[in-house]
Amino acid sequence: MDHIDRPRIAQLREADPSPELIDVYAWVRTKRDSKAVCFFELNDGSSLKGLQAIIDKEQYPLQEAIDRMQTGCSVRVRGHLVESPGKGQKVELACSDLEIIGEAPADSYPLQKKRHSFEFLREIAHLRGRTNTFGAVMRVRNRLSWAVHRFFQERGFLYIHTPIITASDAEGAGALFQVTTLDMQRLVNAAPGTELNYQHDFFGKPAFLTVSGQLNAEAYATALDRVYTFGPTFRAENSNTTRHLAEFWMIEPEVAFCDLECNIALASEFVRFLLADILEHCSEDMAFFDQRIEPGIVEDLRRVAESEFRHISYDEAIRALEASDRTFEYPVSWGIDLQTEHERYLTDEYVGGPVVVTDYPRDIKAFYMKQNDDGRTVRAMDVLVPRLGEIIGGSQREDDLATLERRIDELGLERDAYSWYLDLRRFGSVPHSGFGLGFERLVRYVTGMQNIRDVIPFPRAVGSAEF
Ligand code: 4AD
Ligand code: MG
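Since the model is a prediction, treat every value here as computed from it, not as a measurement.

Visitor: Mind laying out the environment of arginine 68, listing which residues take part and the relevant values?
Guide: Position of arginine 68 relative to the elements: it lies in helix 2 (residues 63–68). Considered as a pair, arginine 68 and isoleucine 100 are 32 residues apart in the sequence and their alpha carbons are 7.3 Å apart.

Visitor: With reference to specific residues and values, describe a nonpolar patch on the surface.
Guide: On the surface, a cluster of nonpolar side chains totalling about 390 Å² of accessible area is made up of Ile164, Ile165, Phe202 and Phe203. Position of phenylalanine 203 relative to the elements: it lies in the loop between helix 5 (184–189) and strand 9 (207–209).

Visitor: So, the pattern of salt bridges: which residues are in play, and what are the values?
Guide: Taken as a whole, this structure holds 41 salt bridges when the rule is applied. The partner of glutamate 299 in a salt bridge is arginine 302, and the shortest N-O contact between them spans 3.8 Å. A residue pair is termed a helical-turn pair when its members lie 3 or 4 positions apart in one helix, as glutamate 299 and arginine 302 do in helix 9 (residues 297–305) at 3 residues. Taking the relative accessible area as the measure of exposure, arginine 302 reaches 35% and is therefore partly exposed. Ionic pairing is found between aspartate 409 and arginine 415, a salt bridge with its closest N-O pair at 2.7 Å. Taking relative accessible area as the criterion, aspartate 409 reaches 39% and is therefore assigned partly exposed.

Visitor: A description of the site of ligand 1 should follow, citing residues and the corresponding values.
Guide: Lining the immediate surroundings of ligand 1 are 24 residues, of which Glu171, Gln214, Arg235, Glu252 and Glu390 lie closest. Separating an oxygen atom of ligand 1 from a side-chain N or O atom of arginine 235 is a distance of 2.7 Å. Within the backbone of glycine 438, one N or O atom sits 3.2 Å away from an oxygen atom of ligand 1. Alone, ligand 1 offers 630 Å² of accessible surface; in the complex the protein occludes 93% of this. Counting residues per element, the ones that place at least two in the shell around ligand 1 are strand 11 (247–256), strand 15 (389–396) and strand 16 (432–438). Here the shell around ligand 1 gets 5 residues from one element, more than from any other, and that element is strand 15. Its residues assigned to classes, the shell around ligand 1 shows 8 nonpolar, 8 polar and 8 charged.

Visitor: Please set out the sheet that holds strand 9 residue by residue, giving values where relevant.
Guide: Taken in spatial order, the 3 strands of this open sheet run 7-9-8, and their pairing is antiparallel. Taken across any chain shown, the strands that pair with only one partner, and hence form the sheet edges, are strand 7 (165–166) and strand 8 (178–179). Across 2 bridges, the pairing between strand 8 and strand 9 is antiparallel. Within the sheet, the bridge partner assigned to glutamine 178 lies in strand 9 and is phenylalanine 208.

Visitor: An account of helix 7 (residues 260–281) is requested, with residue identities and associated values reported.
Guide: The end-to-end C-alpha separation of helix 7 is 31 Å, in line with the 32 Å expected for 22 residues at 1.5 Å each. Its side-chain oxygen placed 3.2 Å from the backbone nitrogen of glutamate 261, aspartate 259 serves as the N-cap of helix 7.

Visitor: Any details on the side chain of arginine 387? Residues and values, ideally.
Guide: Within the secondary structure, arginine 387 is located in the loop between strand 14 (377–385) and strand 15. Given the relative accessible area of 18%, arginine 387 is considered buried. Of the polar contacts made by the side chain of arginine 387, one reaches the backbone oxygen of tyrosine 445; its length is 2.9 Å. In this structure arginine 387 touches Glu294, Ile297, Asp300, Leu301, Arg344, Asp348, Arg444, Tyr445 and Gly448, once residues within four positions along its chain are discounted.

Thresholds applied
- Residues numbered from 1 in each chain as written.
- Chains lettered and ligands numbered in written order.
- Predicted model: local features only at pLDDT ≥ 70, side-chain atom pairs only at ≥ 80, totals over all residues.
- Heavy atoms only, no water.
- Helix = DSSP H or I, 4+ residues; strand = E, 2+ residues; numbered from the N terminus.
- Patch = residues over 30% accessible without salt bridge, like charges linked within 9 Å, V, L, I, M, F, W, Y side chains within 5 Å.
- Areas by Shrake-Rupley, 256 points an atom, 1.4 Å probe, with all protein chains shown as cover.
- Salt bridge = Lys/Arg side-chain N within 4 Å of Asp/Glu carboxyl O.
- Buried < 20%, exposed > 50% of the residue type's maximum accessible area, 1.4 Å probe, protein only.
- Near = heavy atom within 4 Å.
- Polar contact = N/O pair within 3.5 Å; in protein donor to acceptor, adjacent residues only side chain to side chain.
- Nonpolar A, V, L, I, M, F, W, Y, C, P; charged D, E, K, R; others polar.
- Pairing = 2+ DSSP bridges.
- Expected span 1.5 Å × (residues − 1).
- Contact = heavy atoms within 4.5 Å.

Following this line, the structure appears as structure tokens:
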């Protein structure tokens, strides 16, 4: 095998013709074999379009290998780049040697050259990365995660690794996956009335997979000024929708000496930065999504990348929804949590672009949000985008010790469990803010893919944890 710096197809496609012999390692997408020549297309995942290869059969007697070469097989192809007479490509590989590395029998390989439904591809998630769509999704996903780090690193944020296993419910909203080493079968077999004793559990108390790294990030923001997390989060929500996963990745910045206005500015700058980056660096994949998945998406994202986000209050949002002539499945009145249909109306129709909604009723938001003087709303913000709805949720945090303690009591949460969190208000408390961006929501928004399960390699959702 060659060294890791062997040429990749993305670079070869742009290279000039040359007599230099190179070895290309890739998978075969298609083959057209005729009497004198054999054409085939190679793809190695480095770009959407592959490299065309051609064998002059009179010059190179490779028929035996050609016969074994089928869609999906892996190959080493030796050859040199020649100018391509065909349109749509600058060069092609004139092949002088062909080695089949791994065959892919046509009668059993599930990815034959035809359109497959996304439902079908979800059932073969271990192979779907070999299709054009999923290759493009994963390249865009990769670039976006790189851009996330660039954005924060360029602004002096420290990347903090917050715990995956936690004993506190950061959102206070339930929907937790419990982590335990207790023997379930023994619990089932135990005599009725037996009390569950967490002394025997691994951590000596109930523990869960994290729903958010925010509380831990706050501890470090109040030490290092600005930090972010980018890690997996888990929610046992029983929602079988196209925008919920049980395991998803979240980016959570947290900034000291930063109020809600500062937070809104950071969030919209962040989203615009990510869109501009992806349009610049993944243009081929984005053109594919524009053509095949969501017509007009490139122009739409470009416009968003260049525009200021509208900012409205929850009050205004409710008035707009009430004034619309739309009948919503879920009736609108002050105090409701906005449903997807409401969010979509606000972005797609009322504003016609992304919108930041702030100052939600405190009863529908988490305990840690900064309370407004009106006694009924909090300094919360959600960023909503067209076609999707909520993509970011965040807030200014309550930095006043007494107010936060009162809220924890009111909600029946245990003060003891949050004593370390309250310390952040006891010692050197500062106004601070942050938000969470659901990474898969972002990838869905950017690619136009309809189902969130199709923008993560191996989706986990209610009733589904294959692969
Ligand atoms: O609005 P959420 O629940 O906010 C928080 O967790 C805060 N602690 C964030 C913070 O202020 N640091 O979740 C944030 C985002 C949502 O806007 C959404 O994009 C995404 O996480 N999200 C999900 N994505 C996929 N599947 C789910 N089940 C999701 N739940 C939330
Ligand atoms: Mg939210």
